[in-house]
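# Reading the structure
These are the residues of each chain, in order.
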Amino acid sequence: MAQCLVRWKHFAKQSARYGFGPHGGLLLKRSSLASLVKYDDIDNLFRLSRGVRRSLTTVTSGIQAGFREKSNIILMGSPGCGKTTVGRILARKLGWPVVDFDNDYLERHWNMTVAEKLTEVGPDNFVAAEGEALLKLDLSSSILSLSGSVPMHRQSLQHAAQTGLVIFLDVDEHDIAERLNRMKVDRIVGQSPGASMLDLLRFRQQFYEGVYDVRIICERFEDPEKVTEKVLLALEDYRKSYQYISTRNQRDESSPSQEPAFKDVVLQGLAGDGGLYVPDRAFPCLNVRQWERILRCTYQERAQRILERWIHPTDIHPTSLADAVHQAYSSETFESESIVPVFHLQDNQYVMEVFHGPTASFKDSALQIMPQFFTQAVLRKEETERYLIIVATSGDTGSAVLDGFSKFAGSSGSMVMVLYPEDGISEVQKSLMTAATGTNVHVVGVETDFDFCQTAIKEIFNDVALNNNLLANHGVRLSAANSINWGRLVPQVVHHASAYLDLAQRGVISIGEECDICIPTGNFGNILAAIYAKSMGIPFRKFICASNENNVLTEFIQTGCYDLRHRHLHVTMAPAIDILKSSNLERFLYLVTDGDSAEVNRCFEQLGKQNYFKVSPRILERIQDEFGLVADCCKEEEYSATIKKTFSQTGYLMDPHTAVAKTVANRLRPRDRPLILCSTAHYGKFPSDVLKSLGHQTSSSDHPLKSIADLEKLDPQPGMHRQLKQSLTRPRQHHTVLGATSEEIVDEIQDFLSRASHPSSSLNS
């Protein structure tokens, strides 16, 4: 390796010269539970390697637009990260030729040593010389170990990426600095006098983020043989396209059709058989030492690393995902730089504040990125049809969908129609939705409850004749943005994992130690995302499912019986929990039964016909013991008292849903572990109810802004949500209210699509 000195400031100029920017996107390493299966000896791993070699050239095409068939394996990373050693081991196991860019190619190409070339061209022009040499390199079915500096020449790296699968060896910068010190390397390209090696390595990181296909998260001081095994497993995982299956899996095995990919399930929302989509593979997983590597990352960096394990790079390439992550989780969008900060409340309780997004609820954590997934999927399919996203909301999802799609629908032509229970949400929630503007959105109240709205949408999705009519007469397909959509659910894994990592980063727990989490639960999506986080390796011990008077989930988790026969919905001041039919429970049953679609079918067919089902004692035992679910419920007067008591003791003001979680957690929580309370909404969305809970007099005629002003006078922690307050000044645009019939909803869909086809008509009726 050349021991050289290049002026630090010059590299900022070089960045602009070659079109680099501080991209900020991060990671990918294909690791899954399926990847961890039983390689009892190295021979088995070698056989896997040969299989990877045979299939690699046929499956690695088309990762980015314009890419040719990728026949090479290209290793990239910082100087000293072990690329050369890993490349040689990998070549031995695959039986491929290996080329070290510095030693095997550059010196022959230049007919001089790297150090001599550096002297000849000077430090300012060295990267350009490397890049020009890489552009002339012609390889096939080979392993290429790049130098640490050539990725700073974007054009040449993009050229290399067209001919090979780029694997980024992500090694901790402290490990690299120690290795270079042992090698007696005290200067590398880009390091100015007085600048530390660690600073330069961190600066270099941005240049490795732009073109890679797969990232290998290396453990601290990991042996090159083990790193190579990770590469082999990642290659095997990359070879398999990620496909999805319905929880009900009603397909004709005698003539199997191809399972849908990520873009298909995002666009389709609900499976054709009425089930929900889940990955048709084991879930991805990181070990404790890999999670430790993510500890110091920002929320955006954590999101990138986690989501890339759920989304195959041929579905959304890491470069595109990085763009989506940074547009979704920006300081302009979220009012906390931490995106989802964790606040120490009292004793061993910590509040995960998932409400700093533009609509002040946890739905923003997914619905700032899911519309970007949706738009990418629409544009990739290159269809002429448009999509109508139909959303049933219990209050928060609607405004989050409207905000996300208004920003990111782009040229997809997607439209949004939101159904909400007219008398089942807060005035603030209603104001946020009904003030939405745009010719592609329609917000409709329904004189019923959320369960009816959600059931009606599922029936509409499953109405083949209606869907054919919408496609033929309007050129429109239907989709969903509720958590029944897989693309909406999986981003929620991030905030649960990030909250745990925040506790570990603060020293509240050591990485790998268990903690408990309590989540106010209605549709079961948020708590399911936490369960998925545990499947990835986050050591949650107990999942506390907190309910209000609509406690059907409490009864199910305690008894195994899901019984709606004698229930009616209670309208409370925690509307997101005012749900009796929890859609994502279906995905959880599929998980807890090890993918037994027949059992899932039995349960939900019986629920549809008899309003009742019960799981076996064995499944109930797994729910409670193996998966660690516990549940309890509380009455409105109890969690109202919790709001007042908590504010009196701590100065912290919580919304009714968070108060439900705290009330139940106070009753159930063990005190030997930290407990995370998931705060799903800002108290400003329920100002009148929160004021009443604090003992203040309010009037039904009070405008929400007056109630918010009264709350601000109390100087609570956290402060008032700025974007929420500004949103309430917008005038109402949507006034339609329907009766509780599916026929009226279908007619309204038809009318909206007709008006959308003629923009001069009034849409905001």
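Residues numbered from 1 in each chain as written. Predicted model: local features only at pLDDT ≥ 70, side-chain atom pairs only at ≥ 80, totals over all residues. Heavy atoms only, no water.

### Re the layout of surface pockets
By volume, the largest pocket is sized at about 760 Å³. Along the walls of the largest pocket sit 31 residues, with Gln-268, Leu-270, Ala-271, Gly-272 and Tyr-277 positioned nearest its centre. Taken together, the elements giving at least two residues each to the lining of the largest pocket come down to β6 (244–246), α11 (262–268), α20 (464–474) and β13 (476–480). Counting residues per element, the lining of the largest pocket draws most heavily on α20, at four residues. Grouping the constituent residues of the lining of the largest pocket by class yields 13 nonpolar, 10 polar and eight charged. (1 Å grid on protein atoms, 1.4 Å probe; cavity = no way out; pocket = protein on both sides within 12 Å on 5 of 7 lines; lining within 4 Å. Points joined across faces, edges and corners; volume = space filled by probe spheres on them. Helix = DSSP H or I, 4+ residues; strand = E, 2+ residues; numbered from the N terminus. Nonpolar A, V, L, I, M, F, W, Y, C, P; charged D, E, K, R; others polar.)

### With respect to a negative patch on the surface
A cluster of like negative charges, contributed by Asp-423, Glu-427, Glu-447, Glu-743, Glu-744, Asp-747 and Asp-751, occupies part of the molecular surface. Residue contributions to the negative patch peak at four residues, all from helix α33 (residues 742–757). Relative to the assigned elements, Asp-751 resides in helix α33. You can call Asp-751 partly exposed: its relative accessible area is 40%. (Patch = residues over 30% accessible without salt bridge, like charges linked within 9 Å, V, L, I, M, F, W, Y side chains within 5 Å. Areas by Shrake-Rupley, 256 points an atom, 1.4 Å probe, with all protein chains shown as cover. Salt bridge = Lys/Arg side-chain N within 4 Å of Asp/Glu carboxyl O. Lys, Arg positive; Asp, Glu negative; His and termini not counted. Charge placed at Lys NZ, Arg CZ, Asp CG, Glu CD. Buried < 20%, exposed > 50% of the residue type's maximum accessible area, 1.4 Å probe, protein only.)

### What about the sheet that holds strand β11 (residues 415–421)?
Pairing within the open sheet is parallel, and its five strands lie in the order β13-β10-β11-β12-β20. If you trace the sheet from one side to the other, it starts and ends with β13 and β20 (737–738), each paired once. In terms of strand pairing, strand β10 (residues 386–392) meets β13 through five bridges, oriented parallel. Bridge pairing in β13 links Ile-389 to Ser-479. Lying over the sheet, helix α18 (residues 427–434) contacts β11 and β12 (441–446), oriented at roughly 160 degrees with respect to β11. Packing of helix α19 (residues 450–461) onto the sheet brings it into contact with β10, β11, β12 and β13, and relative to β10 it is tilted by some 150 degrees. (Pairing = 2+ DSSP bridges. Contact = heavy atoms within 4.5 Å. Axes fitted to C-alpha atoms, helices over the stretch in contact; angles between N-to-C directions.)

### Description of the sheet that holds strand β14 (residues 515–520)
Read across the open sheet, the six strands follow the order β8-β9-β19-β14-β15-β18; overall the sheet is mixed. On the outer flanks of this sheet lie β8 (342–346) and β18 (629–633), each paired with one strand and no other. Neighbour-to-neighbour, the strand axes of this sheet turn through a mean angle of 25 degrees, independent of strand direction. Here five bridges tie strand β15 (residues 540–547) to β18, and the two strands are oriented parallel to one another. For Phe-543, the partnering residue across the bridge sits in β18 and is Leu-629. Contacts from helix α23 (residues 525–535) reach β14, β15, β18 and β19 (675–679) within the one sheet, and its direction differs from that of β15 by about 175 degrees.

### So, the confidence of the model for the protein
On average, residues of the protein score 87 in pLDDT, and 88% of them reach the 70 mark or higher. Ignoring residues within four places in sequence, the model shows residues 1–68, a span with pLDDT below 50, making 192 contacts including any to other chains. (pLDDT = per-residue confidence, 0-100.)

### Concerning the packing of helix α3 (residues 83–94) against helix α10 (residues 224–239)
The interhelical angle for the contact between α3 and α10, taken along N-to-C directions, is 60 degrees, at an axis separation of 9 Å. It follows from the interaxial angle that α3 and α10 lie oblique. Once α3 is placed against α10, the crossing between them reads as right-handed. Packed against α3, whose contacting residues are Thr-85, Val-86, Ile-89, Leu-90, Arg-92, Lys-93 and Leu-94, the element α10 presents Pro-224, Glu-225, Val-227, Thr-228, Glu-229, Val-231 and Leu-232 at the interface. (Parallel < 35°, antiparallel > 145°, perpendicular 65-115°, else oblique. Left-handed = near helix turned anticlockwise from the far one by under 90°.)

### Thoughts on the packing of helix α8 (residues 173–182) against helix α9 (residues 197–204)
Where α8 contacts α9, the axes come no closer than 10 Å and their chain directions differ by 125 degrees. As the angle between them shows, α8 and α9 are arranged oblique. For α8 against α9, the interelement crossing comes out right-handed. Contacts between α8 and α9 involve Glu-173, His-174, Ile-176, Ala-177 and Leu-180 from the first element and Met-197, Leu-198, Leu-201 and Arg-202 from the second. For the contact of α8 with α9, the class distribution of residues is six nonpolar, one polar and two charged.

### A word on the pairing of β10
The buried count for β10 comes to six of seven residues, which makes it a mostly enclosed element. Judged from the five bridges that link them, β10 and β11 form a sheet pairing that is parallel. For Ile-389, the partnering residue across the bridge sits in β11 and is Val-416. Once the chain exits β10 it traverses helix α17 (residues 397–408) before rejoining the sheet at β11, and the crossover so formed is right-handed. (Right-handed = clockwise from strand over helix to strand, strands pointing away.)

### Thoughts on the nonpolar core
Grouped together as the largest cluster of nonpolar side chains are 115 residues, with contacts concentrated most on Trp-310, Phe-588 and Phe-613. Per-element tally for this core: the top contributor is helix α22 (residues 492–506), with eight residues. Excluding residues that lie within four positions of it along the chain, Phe-613 makes contacts with Phe-556, Gly-560, Cys-561, Tyr-562, Leu-585, Leu-589, Cys-603, Phe-604, Gln-606 and Leu-607. Met-654, Tyr-683, Leu-694 and Leu-724 belong to the second-largest nonpolar core, a separate cluster that totals 37 residues. (Core = buried A, V, L, I, M, F, W, Y, C linked by side-chain atoms within 4.5 Å.)

### Focus on the pattern of salt bridges
Under the criterion given, the structure shown has 42 salt bridges. A salt bridge links Arg-220 to Asp-172, with the shortest nitrogen-to-oxygen separation between them at 3.7 Å. In this pair, Arg-220 sits in the loop between β5 (214–217) and α10 while Asp-172 sits in the loop between β4 (164–170) and α8, placing the two residues 48 residues apart along the sequence. Classification of Arg-220 as partly exposed rests on a relative accessible area of 33%. Between Glu-178 and Arg-182 there is a salt bridge, with the nearest N and O atoms lying 3.4 Å from each other. With Glu-178 and Arg-182 both in helix α8, this residue pair falls four residues apart, about one helical turn. Assessed through its relative accessible area of 38%, Glu-178 is described here as partly exposed. Sharing partners across several salt bridges, the network here consists of Asp-170, Asp-172, Glu-173, Asp-175, Asp-199, Arg-202, Glu-209, Arg-215, Arg-220, Arg-293, Arg-296 and Arg-305.

### Considering the environment of Thr-455
Looking at the secondary structure, you find Thr-455 in helix α19. Considering only alpha carbons, one finds Thr-455 and Ser-583, 128 residues apart in sequence, at a separation of 9.6 Å.

### Brief notes about the side chain of Asn-584
Within the element layout of this structure, Asn-584 appears in the loop between β16 (561–563) and α25 (585–592). Those residues in contact with Asn-584, other than ones at most four positions away along the chain, are Leu-276, Ser-483, Ile-484, Leu-489, Asn-523, Phe-524, Gly-525 and Leu-528.

### As for the environment of Gln-624
Position of Gln-624 among the secondary structure elements: in helix α27 (residues 617–626). According to the relative accessible area criterion, Gln-624 is partly exposed, its value standing at 25%. Note: C-alpha distance between Gln-624 and Phe-543 (81 residues apart in sequence) is 9.4 Å. Ignoring any residue separated from it by four or fewer positions in sequence, one finds Gln-624 in contact with Lys-542, Ile-557, Gln-558 and Leu-629.

### Things to note about α3
The terminal C-alpha atoms of α3 lie 16 Å apart, and with 12 residues this matches the ideal 16 Å at 1.5 Å per residue to within 8%. Where α3 is concerned, the buried positions are Lys-83, Val-86, Gly-87, Ile-89, Leu-90, Ala-91, Lys-93 and Leu-94. Gly-95 sits one or two positions beyond α3 and adopts a positive phi of about 75 degrees. (Expected span 1.5 Å × (residues − 1).)

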